[in-house]
Amino acid sequence: MKYLARITTDCKEQLLAAHLQNVAEMSASAVPQQFQAVAKYAGLWHDLGKYQQKWQEYLKNNGKRVVHSPHGAVVALQMSKKEPPAIAYIIAGHHSGLSEKLRLRGSEYKQLAAGLEKCLEIARQEIADFIPQELPDINLPKLRREFAIRMLFSVLVDNDRLDARKFENIENKGESSIYVQDLELSAYNKMSFNPHSLFPQSANAISEARNVFAQHCINKSELPKGIFRLTGPCGIGKTIASARFAYLHSQKHQMSGIVYVGPLKSIIEQTAAVYRQLFGENAVLEHHSGYEPKLAETKDYKLNTERWDKPVIVTSGVQFYESLFANHPTKCRKLQGLINKVILLDESQSIPSDLVRPILNVLNTLVTDWGCTIVLMSATQPAFHNLNEDDLTDVVDIIPEAETSRIFQQLKRVNYQYIADIWEWKNLVDSIQSSKLNQGLIIVNTKKLARAGYEILSAKFPDHCFHLSSMMCPDHRSQVLDKVRKLLKAEQPCFLISTQVVEAGVDVDFPIVYRQLAPLDSIIQAAGRCNREGKQDQGNVIIFNMSSANPPGYKDGISITKKILEKYDINDDILSLIKIYFSDLLNQNHDGGVDIQKLREKYDFPEVAKAVKVIDNEHQIAVVVKWGDSEKLIAEMQNKEYLTEADWRRLQKFTVNIPQNDQYTNYTQVGKIDVWMGDYEETGIRVG
């Protein structure tokens with residue numbers, strides 16, 4: 001009798017033994033040597049239950065589904081003399097998700113493996129060395145072992161699905177998708193970007209500092225894999241310099257690519273655009289909420305985002321951090337795409353403080369066990385070394401600490417002034433007028449406040465006031481910034497009121513910046529938009545208070561910042577104050593994820609996944625607004641059966657992420673696209 005793994009729609013039959021051996025071989029070859037035996041037998045046993053006569057009948061007759069996942073897991077459980085072995089977790093969850101230890105220990109689970117002995121008998125006849133003399137397992141400390149189980153689970157899920165796709169040759173893309181991946185990696189390895197090139201020689205102190213910064217990145221790329229810090233002031237060129245380091249480092253150590261993790265959609269979009277110029281359009285995968293189509297609406301893009309298999313991945317902190325602790329097959333699948341990669345964590349201070357311990361622990365594990373290099377990038381490096389647990393070890397500064405201090409001092413371009421009094425909008429207008437400057441940037445903490453401020457300032461400075469927030473689509477924001485930059489360059493009147501969307505990755509240069517009291521790292525980011533090119537001796541950053549409500553997550557940061565501003569002069573030694581700020585923040589009102597670490601030690605994968613939730617716009621709905629050419633694109637695409645990655649890229653610049661609440665319901669589906677039907681104004685989407 002032939003035992004089959006699948007029958008395609010055109011009646012092609014894949015033998016079960018071939019599928020098991022394929023997945024075993026692919027899985028073992030995808031992981032470091034210490035995990036290869038576990039990966040091999042997880043692949044070899046994962047579909048053991050398909051040798052059941054009932055399952056074969058189900059396949060051929062399209063009947064009622066028959067459980068097959070427990071069989072291989074139970075073999076591992078029976079061979080183990082202690083707690084559930086890694087293989088049991090990996091196989092048991094490859095369809096439904098990683099389970100908790102208690103479920104695998106129970107007798108009820110073992111009873112699910114109906115006809116196990118008969119399945120084993122057939123498998124042994126078809127596959128040589130089906131059962132090893134000794135069960136391979138992962139002999140590591142608990143937290144490293146827990147992550148290894150999740151990573152090997154990802155590897156099994158990926159190769160199980162990949163082998164099926166390759167055999168089925170869906171839309172003639174089964175084998176070709178692997179070939180395309182090889183071509184993309186080849187293009188990345190031969191890219192035209194010269195990572196050794198520097199800025200043109202100039203007497204300008206900023207250009208000189210950027211070249212020194214970039215040269216350190218080039219030099220340190222030769223170092224062994226590990227955990228690195230890249231610290232530099234705003235405007236120093238971290239995006240390009242870190243790309244230099246990552247590319248050269250990956251070439252030196254024969255790594256498989258780069259993963260960039262950004263904190264804000266605006267930064268991610270800009271970085272993706274820069275990377276496409278550096279590494280080529282097809283080498284870069286952009287994966288975040290504003291760019292991700294709904295499940296099953298595209299084919300290639302869906303596969304790429306599930307696998308993270310392109311040479312350069314640009315993604316959000318939400319996608320990255322939640323995937324590190326996920327238990328669902330689809331969400332976990334991308335983890336294998338991190339193996340042997342350089343991972344750039346931009347604005348590392350944005351790692352959620354309530355998750356900092358498990359995240360740092362896993363980052364360390366990625367380096368120790370999975371061949372990765374981690375780069376923590378920021379102008380305001382958090383005080384991770386002050387944690388009680390030694391989670392982040394042997395960190396190397398790409399820019400030596402003394403050089404970092406020198407660069408910060410050399411590029412000190414602003415003077416900070418803290419106003420302790422509560423301001424109304426009138427106070428802000430009076431301050432602008434008394435400064436006698438015709439250009440200024442005002443940054444506030446909420447979209448509501450930015451809209452209110454825009455309406456007031458527009459009345460005071462007609463035709464010279466502009467607004468920026470995440471309620472505006474990227475194309476709209478780009479147009480506003482283009483106008484603002486032209487006015488700034490021409491030294492014409494220009495006042496921009498914005499949310500924190502302008503704080504990082506936006507290249508504007510104002511003589512004065514007003515920043516509503518915020519966490520210290522946000523204030524320093526705001527200062528990076530002031531006197532950016534050093535045209536004045538000193539720009540001015542005015543920190544003011546308002547009585548409005550602040551965003552969730554700002555409470556602790558604002559409280560600590562206020563105490564620092566009242567006690568110290570921020571102009572004296574900003575690097576020391578950053579250390580004080582993050583030290584206090586990491587020790588105030590949270591355990592940093594200690595409870596999650598305890599769950600991980602108990603191998604309670606479902607509860608870990610529930611506990612690790614990053615609050616962010618990732619959990620919103622991306623809608624296309626009626627702006628520019630969007631209506632023309634909607635009409636062009638509304639009847640398509642599915643949208644390609646290129647289609648979504650064209651639509652992306654017209655998307656806005658809206659909250660999932662009763663205020664934001666005025667959108668409808670046109671074909672595969674969610675379209676906002678409500679008001680869209682100069683300040684973007686408006687409700688109420």
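Here's a quick rundown of the structure. (Residues numbered from 1 in each chain as written. Predicted model: local features only at pLDDT ≥ 70, side-chain atom pairs only at ≥ 80, totals over all residues. Heavy atoms only, no water.)

A closer look at the overall build of the protein chain
Moving on, step 1. Within the protein chain, the secondary structure is distributed over 28 helices and 21 strands.
Moving on, step 2. Per-residue burial for the protein chain yields a buried fraction of 58% across its 688 residues.
Moving on, step 3. When contacts within the protein chain are restricted to residue pairs at least 6 apart in sequence, long-range pairs at least 24 apart make up 77% of them. (Helix = DSSP H or I, 4+ residues; strand = E, 2+ residues; numbered from the N terminus. Buried < 20%, exposed > 50% of the residue type's maximum accessible area, 1.4 Å probe, protein only. Contact = heavy atoms within 4.5 Å.)

Section: unusual backbone geometry
Moving on, step 1. Of note, Gln 254 is a non-glycine position whose phi angle comes to about 50°, a positive value.
Moving on, step 2. The residue Gln 254 is located in the loop between helix 12 (238-252) and strand 4 (258-262) in this model.
Moving on, step 3. Of the residues examined, Gln 254 reaches a relative accessible area of 69% and is grouped as exposed.
Moving on, step 4. Notably, Asn 531 is not glycine yet its phi reads approximately 50°, a positive angle.
Moving on, step 5. Here Asn 531 lies in the loop between helix 22 (520-527) and strand 15 (539-545).

A short note on the nonpolar core
Moving on, step 1. Counting residues in each nonpolar core, the largest one holds 91 residues, and the members touching the most others are Tyr 51 and Leu 366.
Moving on, step 2. Considering each element in turn, this core owes the most residues, 9 residues, to helix 9 (residues 142-168).
Moving on, step 3. In this view, Leu 366 contacts Phe 147, Met 151, Leu 324, Leu 338, Ile 343, Gly 371 and Cys 372; residues no more than four positions away in its chain are not counted.
Moving on, step 4. Listed in part, the 66 residues of the second largest apolar core include Ala 526, Ile 543, Ile 570 and Tyr 680. (Core = buried A, V, L, I, M, F, W, Y, C linked by side-chain atoms within 4.5 Å.)

Regarding the environment of Gly 628
Moving on, step 1. Mapped onto the fold, Gly 628 is located in the loop between strand 16 (621-624) and helix 27 (630-637).
Moving on, step 2. Put simply, Gly 628 and Phe 654 are 26 residues apart on the chain and 8.0 Å apart in space, counted from C-alpha to C-alpha.

Focus: the packing of helix 9 against helix 17 (residues 356-370)
Moving on, step 1. In contact at an axis separation of 10 Å, helix 9 and helix 17 are set at 75° when each is read in the N-to-C sense. Relative to helix 17, the element helix 9 is oriented roughly perpendicular. Seen from helix 9, the contacting residues are Leu 143, Arg 144, Phe 147, Ala 148, Met 151 and Leu 152; seen from helix 17, they are Asn 361, Val 362, Thr 365, Leu 366, Thr 368, Asp 369 and Trp 370.
Moving on, step 2. Partitioning the contact of helix 9 with helix 17 into residue classes produces 8 nonpolar, 3 polar and 2 charged. (Axes fitted to C-alpha atoms, helices over the stretch in contact; angles between N-to-C directions. Parallel < 35°, antiparallel > 145°, perpendicular 65-115°, else oblique. Nonpolar A, V, L, I, M, F, W, Y, C, P; charged D, E, K, R; others polar.)

Some remarks on the packing of aromatic side chains
Moving on, step 1. Tallied over the full model, the rule gives 19 aromatic pairs.
Moving on, step 2. Relative to Tyr 603, the ring of Tyr 89 lies with its centre 5.8 Å away and its plane at 35°, an arrangement referred to as tilted. Taken together, the residues span a long stretch of sequence, with Tyr 89 in helix 5 (residues 86-92) and Tyr 603 in the loop between helix 25 (594-601) and helix 26 (605-611) at a distance of 514 residues. Neither Tyr 89 nor Tyr 603 differs from the other in exposure class; each is buried.
Moving on, step 3. It is Lys 12 that lies over the ring of Phe 167; its NZ or CZ is 5.1 Å from the centre. (Phe/Tyr/Trp six-rings, centres within 6.5 Å; stacked < 30°, edge-to-face > 60°. Lys NZ or Arg CZ within 6 Å of the ring centre and 35° of its normal.)

Re the pattern of salt bridges
Moving on, step 1. The full count for this structure, using the stated rule, is 29 salt bridges.
Moving on, step 2. Of the charged contacts in the structure, one is a salt bridge between Arg 650 and Glu 636, with a shortest N-O distance of 2.9 Å. Of this pair, Arg 650 sits in helix 28 (residues 645-652) while Glu 636 sits in helix 27, and the two are 14 residues apart along the sequence.
Moving on, step 3. The partner of Asp 647 in a salt bridge is Lys 640, and the shortest N-O contact between them spans 2.9 Å.
Moving on, step 4. Linked through salt bridges whose partners overlap, the residues forming this network are Asp 158, Arg 307, Asp 309 and Arg 333. (Salt bridge = Lys/Arg side-chain N within 4 Å of Asp/Glu carboxyl O.)

What about the sheet that holds strand 3 (residues 227-231)?
Moving on, step 1. The strand order across the open sheet built from 7 strands is 5-6-4-7-8-3-9, with neighbouring strands paired in parallel fashion. Unpaired on one side and paired on the other, strand 5 (284-287) and strand 9 (395-397) mark the two borders of the sheet. Direction aside, neighbouring strands of the sheet carry axes that sit 20° apart on average.
Moving on, step 2. Relative to strand 8 (residues 373-378), strand 7 (residues 342-345) runs parallel, the two sharing 4 bridges. Following the sheet pairing, Ile 343 is matched in strand 8 by Ile 374. (Pairing = 2+ DSSP bridges.)

With respect to helix 18 (residues 401-410)
Moving on, step 1. Here helix 18 has its buried residues at Glu 403, Thr 404, Ile 407 and Phe 408. One face of helix 18 carries all of its buried residues, which in axial projection span an arc of 135°. Every exposed residue of helix 18 that faces more than 90 degrees away from the buried side is listed here: Ala 402 and Gln 409.
Moving on, step 2. For helix 18, the secondary structure elements touched by its buried residues are helix 11 (205-220), strand 3 and helix 24 (574-587). (Arc of directions from axis to C-beta.)

Considering the sheet that holds strand 15
Moving on, step 1. On the basis of which strands lie adjacent, the open sheet formed by 6 strands has the order 10-15-14-11-13-12 and parallel pairing. Of all the strands in the sheet, just strand 10 (414-422) and strand 12 (465-468) have a single pairing partner and so form its edges. For this sheet, the mean inter-axis angle between neighbouring strands, taken without regard to orientation, is 15°.
Moving on, step 2. As paired elements, strand 10 and strand 15 share 6 bridges and run parallel to each other. Looking across to strand 15, one finds that Tyr 416 is bridged to Val 541.
Moving on, step 3. Along the sheet face, helix 19 (residues 425-435) touches strand 10, strand 11 (439-443), strand 13 (494-498), strand 14 (512-516) and strand 15 and points at about 165° away from the line of strand 14.

Focus on the side chain of His 94
Moving on, step 1. Position of His 94 relative to the elements: it lies in the loop between helix 5 and helix 6 (101-105).
Moving on, step 2. Here Asp 47 takes part through its side chain, which lies 3.3 Å from a polar atom of the side chain of His 94.
Moving on, step 3. There is a polar contact of 2.7 Å between the side chain of His 94 and the backbone oxygen of Ile 91. (Polar contact = N/O pair within 3.5 Å; in protein donor to acceptor, adjacent residues only side chain to side chain.)

Thoughts on the pairing of strand 19 (residues 673-676)
Moving on, step 1. In strand 19, alternate side chains face the same way, and those of Ile 673 and Val 675 on one face and Asp 674 and Trp 676 on the other are all buried.
Moving on, step 2. Inspection of the sheet shows strand 18 (residues 667-670) paired to strand 19 by 4 bridges, in the antiparallel sense. Of the residues in strand 19, the one forming a bridge with Val 670 is Ile 673.
Moving on, step 3. Joining the antiparallel neighbours strand 18 and strand 19 is a turn of 2 residues, in which Gly 671 adopts a positive phi near 65°.

Section: the side chain of Ser 80
Moving on, step 1. Mapped onto the secondary structure, Ser 80 falls in the loop between helix 4 (70-79) and helix 5.
Moving on, step 2. With residues up to four places along the chain from it excluded, the contact list for Ser 80 reads Pro 85 and Leu 135.

Here's the deal with the environment of Leu 468
Moving on, step 1. Along the chain, Leu 468 turns up in strand 12.
Moving on, step 2. As for Leu 468 and Val 502, which are separated by 34 residues in sequence, their C-alpha atoms are 7.5 Å apart.

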